[in-house]
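# Descriptive structure summary
Below, each chain spelled out in residue letters.
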Amino acid sequence: MLVKVASAANIGLEMIGIDVEVNVASRGLPAFDIVGLPDKAVAESKERVKTAILSSDVDFPNKKITVNLAPADIPKEGASYDLPIAVGILATAVSCQIPEKSLFFGELSLDGSLRHTKGALLLALFAKEAGFKNIFVPKDSANEAAVIKGINVFPVENLIQLLRHFSGKEAVKSLTPGVDEKTPGVCVEAEFDMAEILGQEQAKRAMEIAAAGGHNILLIGSPGAGKTMLARALPGILPLLADEESLEVTKIYSAAGQIPAGGSLLRVPPFRSPHHTASSVGLIGGGQRPPPGEISLAHRGVLFLDEFNEFPRAVLEAMRQPLEDGQLTISRAKERVKYPARFMLLASANPCPCGYLNHPKKACICSLRQIKKYQKRVSGPILDRIDLHIDVPPVDIRELSENQKASEFLEPSEKIRQRVTQARNIQRQRFGDEHIFTNAEMKNPQVKKYCNLSKPAEQILQQAGLKFQLSARAYLKMIKVARTIADLEGSPDIGIPHMAEALQYRPKSYEA
Amino acid sequence: MNIITIENKKYPELLKKIGKGAPKQLYYKGEWQEDIFTNCLAVVGSRQMTSYGKRVVEQIVTEVAAAGITIVSGFMYGVDAAAHKAALLAGGKTIAVMPCGIDLIHPEYQQDLYGEILKNNGLVISEYEGSFAPTLWTYPRRNRIVAGLSKAVLVVEAGEKSGSLITANYARKFKRKLFVVPGPITSENSKGIMELLKQGATPISSAKDILDYYPADCRCLTSTEPLMLNIYKCDNLEQKIIDLLKRESSEIDVLARTFEMPVSKMGTTLSLMQLQGLIKQEGNKYYVN
């Protein structure tokens, strides 16, 4: 008897419908075979399925069983086919009716229970598009799938429960979509509060601007000046993800299998900080079935590259195109995968190999040649894509802690976050149908359209262009940054103060 | 080949006076005009120049070079290169004494400066021929020519073991005047200077201290007066900032704290002042222009 069960295969952020055909032949020697380009995990599925069915007090049919995963030419990987295969066998073994227009997805445990499986959200999205009504997923993955409205998500605990559901004895309650909306507001927790950082007023201000406009930012300073502390405090001033953004991010994390069991939509903007020994495949994504790399996992969040100059040049260069386009296509011989990668780059670096260039107390021991070589490790095009360049000078903590405590400069992160959120809302309204969310994403025509420079502000920019020898791209960056500064103030036009402040964050040369 | 031997009449008098150590021959690039050697000042100092050193060189050397005095230095990066640059900017003459063969540019990445020196009637000289590579012992030997050519030596920033101290030693040996620029005693770059001061070097506080040492008739060029600040109308805050920066260069964070205002507003003010040319930024500190 032949039974067809619907499931899906995951390629990048896409899903492809897979028919799991299970045939239990009435004649032939007992056997259990899976065909249709299964990988190791799928091939091993037969041992899990067999034991899980036996553990569920059902006799495993001692017949010739053939499972075909169609279409046969797409390689199948992962353990998510356990459930559809088991369902196909159960349908013949206990002759129950499988509900129509249903998708099955999930990994089995030997005791017959279902385990958290990656990709449930993508499955739900696919189910909705392809016109399925019900999806049966492991209980731990159900919250994730329930984000999508318009389909019934059945959280399945084990095979026995599923059989009872089929026979109508006890129905599994489907999850109502949009559960997450009732969950209380998630709180962003950062390692440090901005108020804990003494001094560094300008660096903190630059972080605020970067957070508000989604600008890339580079912190340069001596060891111990507080670069890493500033970076670690950044999540505390970022606003929570909006619905649309949140769905984008959750899709990527679902594909990467990084959503914890029971997890739902991700509301907190991701903060990724790969070590500088990261390979370009790790950072960008790639490999045989390319999983998302760090830059995609940082989508709509922050990619923190500490010791920026220590990253291999090839790895950094690979980020150029995604930095510009906000997405990347990984092309391999057999498949092409597209991942979004619209992240805010937060980089920190020392000014020279020894780290003490321009330090007020310690002498730098590097030669000019060494300094130039060190700074050349990051290419011009990459630096050109960083909007805010900021010095983090060393501070005398003892002196500061005495006269700065309780001063107005020590703003808590929460207060800064309110301003940032407000500025983000202004941007969202402005860009309504442009499919961008932040000022940093503006391209040339949008800058022309949305950045009203007052006449004197324009003059200042031109003057600065001559004085500081700004490139054409630097011009554009300055305007974008000025736009964000104006947004933080709630000003519709870019005035002199905004433009002048933006000039503070231009790239500076670090020659001694 | 461009070569001047010690027997040649054109060989600089002052250098000949150092006696046995005087180089037997000098190779050179550029045009050999004897009057370039009449009034020379050697400017030497640390390779790890601080922003203070740079400012001093720019201020003092510009004025001295504009007064018609030839600036002699060793073409190293740091104070040497800054001195050559300042002399060129002031429209003055400058001589670079190389520690290597005359055909080499060392350090190589300063070839722009090298070209500028030759273009502006400057000289590049060396006692070594061809493409002889610089070695550890050629640097100190080069310094004796730097000191030997000059009536006086000015040392700007020198650490404990700076090569400039060797030049200063030669200056004393050759009985040339030794000027030093005092620096903050907390700086590594002042340790050598302090030693020289204790041994009796003359501290200077302005270009005038040096110019007074040279004959008055050398001042063929008009001295460039520093730009007057009151061309622009400063508002109250700007004036206060200028007053503070005149005493001590400062970072934006410190300025914001001192005047108790948000750093964003301070940034705006400083940018505007910078555009007007009232102040300038070096490293992460601001200075009065």
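In what follows, the structure referred to is the one given above.
The text that follows walks through the structure, step by step, so that each part is easy to find. (Residues numbered from 1 in each chain as written. Chains lettered and ligands numbered in written order. Predicted model: local features only at pLDDT ≥ 70, side-chain atom pairs only at ≥ 80, totals over all residues. Heavy atoms only, no water.)

### A look at the overall build of chain A
- The helix and strand inventory of chain A stands at 21 helices and 16 strands.
- Summarising its shape, the C-alpha atoms of chain A cover approximately 90 × 45 × 45 Å along the three principal directions.
- Here chain A holds 512 residues, and the buried ones make up 54% of them.
- In chain A, the proportion of contacts linking residues at least 24 apart, taken out of those at least 6 apart, comes to 73%.
- When the accessible surface of chain A is totalled, it reaches about 22400 Å², and 50% of it is carbon and sulfur.
- Each charge class in chain A can be summarised by its mean position, and for the 63 positive and 58 negative side chains these summaries are 4 Å apart. (Helix = DSSP H or I, 4+ residues; strand = E, 2+ residues; numbered from the N terminus. Buried < 20%, exposed > 50% of the residue type's maximum accessible area, 1.4 Å probe, protein only. Contact = heavy atoms within 4.5 Å. Areas by Shrake-Rupley, 256 points an atom, 1.4 Å probe, with all protein chains shown as cover. Lys, Arg positive; Asp, Glu negative; His and termini not counted. Charge placed at Lys NZ, Arg CZ, Asp CG, Glu CD.)

### Digging into the sheet that holds strand β10 (residues 250-251) of chain B
All names here are of chain B.
- Taken together, 3 strands build an open sheet; the order of strands is β10-β12-β11 and the sheet is antiparallel. Where the open sheet ends on each side, the last strands, each with one partner, are β10 and β11 (279-282).
- Note: β11 against strand β12 (residues 285-288), 4 bridges, orientation antiparallel. Note that in β12 the partner of Lys280 across the bridge is Tyr287.
- Most of the contacts of helix α11 (residues 263-275) go to β11, to which it runs at about 105°, and overall it touches β11 and β12. (Pairing = 2+ DSSP bridges. Axes fitted to C-alpha atoms, helices over the stretch in contact; angles between N-to-C directions.)

### Describing the packing of aromatic side chains
- As enumerated under the stated definition, the model contains 17 aromatic pairs over all chains in all.
- Through successive ring pairs, a cluster of aromatic residues spans Phe104, Phe136, Phe154 and Phe166 of chain A.
- One Lys or Arg, Arg47 of chain B, reaches over the ring of Tyr77 of chain B and ends 6.0 Å from the middle of that ring.
- Across the ring face of Tyr139 of chain B, the terminal group of Arg47 of chain B is positioned such that the distance to the ring centre comes to 5.4 Å. (Phe/Tyr/Trp six-rings, centres within 6.5 Å; stacked < 30°, edge-to-face > 60°. Lys NZ or Arg CZ within 6 Å of the ring centre and 35° of its normal.)

### Some points on the pairing of strand β4 (residues 70-73) of chain B
All names here are of chain B.
- Alternating positions in β4 separate into two faces, Thr70 and Val72 on one and Ile71 and Ser73 on the other, with burial throughout.
- Bridge count for strand β3 (residues 40-45) against β4 is 3 bridges, and the pairing is parallel. Bridging across to β4, Cys40 finds its partner in Thr70.
- Inspection of the sheet shows β4 paired to strand β5 (residues 94-97) by 3 bridges, in the parallel sense. From the neighbouring strand, Ser73 faces β5, where its bridge partner is Ala96.
- The parallel pair β4 and β5, bridged by helix α3 (residues 79-89), forms a crossover whose chirality is right-handed. (Right-handed = clockwise from strand over helix to strand, strands pointing away.)

### Some remarks on the nonpolar core
- Counting 58 residues, the largest nonpolar core has Ile135, Ile295, Leu305, Phe308, Met319, Phe343 and Leu345 of chain A as the members making the most contacts within it.
- Per-element tally for this core: the top contributor is helix α4 (residues 120-130) of chain A, with 7 residues.
- Sequence-distant contacts of Leu345 of chain A, that is, excluding residues within four places in its chain, are made with His215, Asn216, Ile217, Leu303, Leu305, Phe308, Met319, Leu323 and Ile386 of chain A.
- If you look at the next biggest cluster of nonpolar residues, it comprises 54 residues, including Met207, Ala211 and Ile217 of chain A together with Leu275 of chain B. (Core = buried A, V, L, I, M, F, W, Y, C linked by side-chain atoms within 4.5 Å.)

### Points about the environment of Tyr114 of chain B
Residue and element names in this part refer to chain B.
- Structurally, Tyr114 can be placed in helix α4 (residues 111-119).
- For Tyr114, a relative accessible area of 7% translates into the label buried.
- Taking the C-alpha atoms as reference points, Tyr114 and His84, 30 residues apart in sequence, are found 9.4 Å from one another.
- Leaving out residues up to four positions away in the same chain, Tyr114 has contacts with Lys29, Phe75, Met98, Ile102, Leu104, Ile105 and Val124.

### Topic: the side chain of His498 of chain A
- Its place among the elements puts His498 of chain A in helix α21 (residues 496-503).
- Beyond its immediate stretch of four places on either side in the chain, His498 of chain A contacts Ala482, Ile485, Ala486, Glu489, Ser491 and Asp493 of chain A.

### Side note on the pattern of salt bridges
All names here are of chain A.
- Under the criterion given, the structure shown has 36 salt bridges over all chains.
- Where Glu245 meets Arg428, a salt bridge forms, and the shortest distance between an N and an O atom there is 3.5 Å. Of this pair, Glu245 sits in helix α9 (residues 243-256) while Arg428 sits in helix α17 (residues 413-430), and the two are 183 residues apart along the sequence.
- Judged by relative accessible area, which is 3%, Glu245 ranks as buried. (Salt bridge = Lys/Arg side-chain N within 4 Å of Asp/Glu carboxyl O.)

### Side note on the interface of chain A and chain B
- Contacts between chain A and chain B engage 34 residues on the former and 27 residues on the latter.
- Overall, the association of chain A and chain B removes approximately 2600 Å² of surface from exposure, summing both partners, and the carbon and sulfur fraction of that is 58%.
- Across the chain A-chain B interface, the total number found is 1 salt bridge.
- When the shortest N-O distance is used, the salt bridge between Arg257 of chain B and Glu201 of chain A registers 2.8 Å.
- The tally of links from chain A across to chain B stands at 9 residue pairs in polar contact (both at pLDDT 80 or more).
- Mapped onto the side of chain A that touches chain B, the elements with two or more residues apiece are α7 (201-213), α14 (368-375), α16 (397-404), α19 (455-468) and α21 of chain A. (Buried area = accessible area lost by both parts, 1.4 Å probe. Polar contact = N/O pair within 3.5 Å; in protein donor to acceptor, adjacent residues only side chain to side chain.)

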